[in-house]
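Breakdown of the fold
As a plain string of letters, each chain reads:
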Amino acid sequence: MAVRIGLVGTGTVGGGCIDIIQKHRDDFKRHYGIDIELARVCSRNPEQAAAHGVEGLFTGDFRDIVNDPDIDLVIELIGGTTTAREVVLESLAAGKAVVTANKALMATHGKEVMDAAEAAGRELAFEASVGGGIPIIDPLKHSLIANEVLSVMGIVNGTTNYMLTRMAEDNMSYDEALAEAQEAGFAEANPSADVDGFDAAAKIAILASIAFNSRVTMDDVYTRGITNITPVDLEAAADMGYAVKLLAIAHRTPGGIDVRVHPTMLPADHQMAKVNGVFNAIYVIGDAVGETMFFGEGAGAGPAASAVMGDVLEVARHLSQGVPPLVGCTCTDELPILPIEELSMKYYIRFSVADRLGVLATMAEVFARHNVSVHSMVQRGKGETGAVDVIYVTHQAKERDVRSAIDEIKAEDDLLYAEPSLIRVEE
């Protein structure tokens, strides 16, 4: 008996799913004994359905799918947290299993959605919400379940990784790299979700929740993007033996969960430092397995549709065989979220300062007053405006002390020419 599927959303990923079902349905049935039938397709754009040859299955109202008693499984691919939330909750309430790629929904309303799935006795799968085609959620929930996961660290946004790669390798400015990423289709016309770190924050909230068995929402994640990073920073980092990546980081600590997204300097010989272009990588440390890394393409029709359809086939297999819903929400520990001010690590700080006597002495006094010990200081060049880039790398320091020192230096009259650049150093 076929498992009948209703698909909501016919954009890039939805179209990829339609193509996979049309191309491989017979293969799935022959190789795995799973027969899936695309029964209804919902979208605001009927022309997209027509482009994939499924106009005969089209509806403009997702409730035609929710209320169809013959549909067993709903795929939600419209994104966002409004209509998508209604699609998912109403589908579960109607007794249908759900597969979604919606990171924003899972990072903000994950508890509500998982509770709804449990109440309905239906399966909810969301592998494609993080890492595109990289399998990571299922390994965390199953393959690595025997471990206490100590850390999850990831390059989980292909747009910013592409931009930083181009800036580092070809000395492009931020604006030039962004324009090229937009032209290539890697960045949206409004790139804020990517370049300001919000996309990565949603993903690490999901991963941290699963890895540490404790609810983490997007609002818990300290988030900073790459908009202040310049080729000067990337060149200085390379000279010191580091690469700069926008990292999504979650550590289990004795005091709680340290979770954050920001530009980070990684030692150049670290595996993650070598991940370039639009590729993603997720690095997991477990107490038994040790260090593992998951690598692959994080975006695009093919990789994302691959992850969605992997979930669809697994859930369809469970439906066909009468297997009850597998591991759902494991967020039972309620660990505290550590405030970013309590962070203690090394810092790279670049100031564009006036080239005059006494500037370095003034800054040294400020650092000393705030208990920030300087490991090294480098002066780079002299700009047309008379500004000089002065770069400090600190010893281990408290985040609150570093920020207080920067704020005091910024308050000095006629000292800085631009907003300071702050990059945390992850050893």
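Placed above this text is the structure.
All values reported here derive from a predicted model rather than from experimental measurement. (Residues numbered from 1 in each chain as written. Predicted model: local features only at pLDDT ≥ 70, side-chain atom pairs only at ≥ 80, totals over all residues. Heavy atoms only, no water.)

1. A look at the environment of Tyr-162
The condition is simple: Only DSSP runs of H or I reaching four residues or more are called helices, and only runs of E reaching two or more are called strands; each is numbered from the N terminus. By definition, residues are in contact when any of their heavy atoms lie within 4.5 Å.
By the secondary structure assignment, Tyr-162 is in helix α7 (residues 158-170). C-alpha separation for the pair Tyr-162 and Asn-276, spaced 114 residues apart in sequence, amounts to 6.6 Å. Not counting residues up to four positions away in its chain, the partners in contact with Tyr-162 are Glu-180, Ala-181, Phe-186, Gly-277 and Val-278.

2. Re the pairing of strand β5 (residues 97-100)
Heads up, the rule is: Summary of the burial criterion: residues with accessible area below 20% of their type's maximum are buried, those above 50% are exposed, and those between are partly exposed, where the area comes from a 1.4 Å probe applied to protein chains only. Any two strands with at least two DSSP-identified bridges between them are counted as paired. Consider the strands pointing away from the viewer: the crossover is right-handed when the path from the first strand over the helix to the second runs clockwise.
Alternating residues of β5 divide into Ala-97 and Val-99 and Val-98 and Thr-100, and every residue in both groups is buried. In the sheet, strand β4 (residues 73-76) pairs with β5 via four bridges, with the strands oriented parallel. When the sheet's bridge partners are listed, Leu-73 is paired in β5 with Ala-97. Where the polypeptide runs from β4 across helix α4 (residues 83-93) and back to β5, its parallel neighbour, the crossover connection is right-handed. You can see the chain leave β5, run along helix α5 (residues 103-120) and come back into strand β6 (residues 124-125), and the turn it takes is right-handed.

3. Quick notes on the sheet that holds strand β1 (residues 3-8)
Stated precisely, the cut-off is as follows: Lines fitted to C-alpha atoms define the axes here, with helix axes fitted over just the stretch in contact, and angles between the N-to-C directions of these axes take values from 0 to 180 degrees.
Read from one edge to the other, the open sheet built from six strands follows the order β3-β2-β1-β4-β5-β6, with strand pairing classed as parallel. At either end of the open sheet lies a strand with only one pairing partner, and these are β3 (58-59) and β6. Each of β1 and β2 (36-42) is contacted by helix α1 (residues 12-32), which is oriented at about 160 degrees to β2, the strand it contacts most.

4. Digging into the pattern of salt bridges
Filter applied, for reference: The rule for a salt bridge is simple: a side-chain nitrogen of Lys or Arg has to be within 4 Å of a carboxyl oxygen of Asp or Glu.
The full count for this structure, using the stated rule, is 27 salt bridges. Note that Asp-233 is salt-bridged to Arg-350, the shortest N-O span being 2.5 Å. Pair noted here: Asp-233 is in helix α11 (residues 231-239) and Arg-350 is in strand β13 (residues 344-354), with a separation of 117 residues, a long-range link. The same class applies to Asp-233 and to Arg-350, which are both buried. Where Arg-350 meets Asp-389, a salt bridge forms, and the shortest distance between an N and an O atom there is 3.4 Å. Placement of the pair is Arg-350 in strand β13 and Asp-389 in strand β15 (residues 387-394), with a sequence separation of 39 residues. This pair shows no difference in class: Arg-350 is buried, exactly as Asp-389 is. Residues joined by salt bridges that share partners form a network here, namely Glu-341, Glu-399, Arg-403 and Arg-424.

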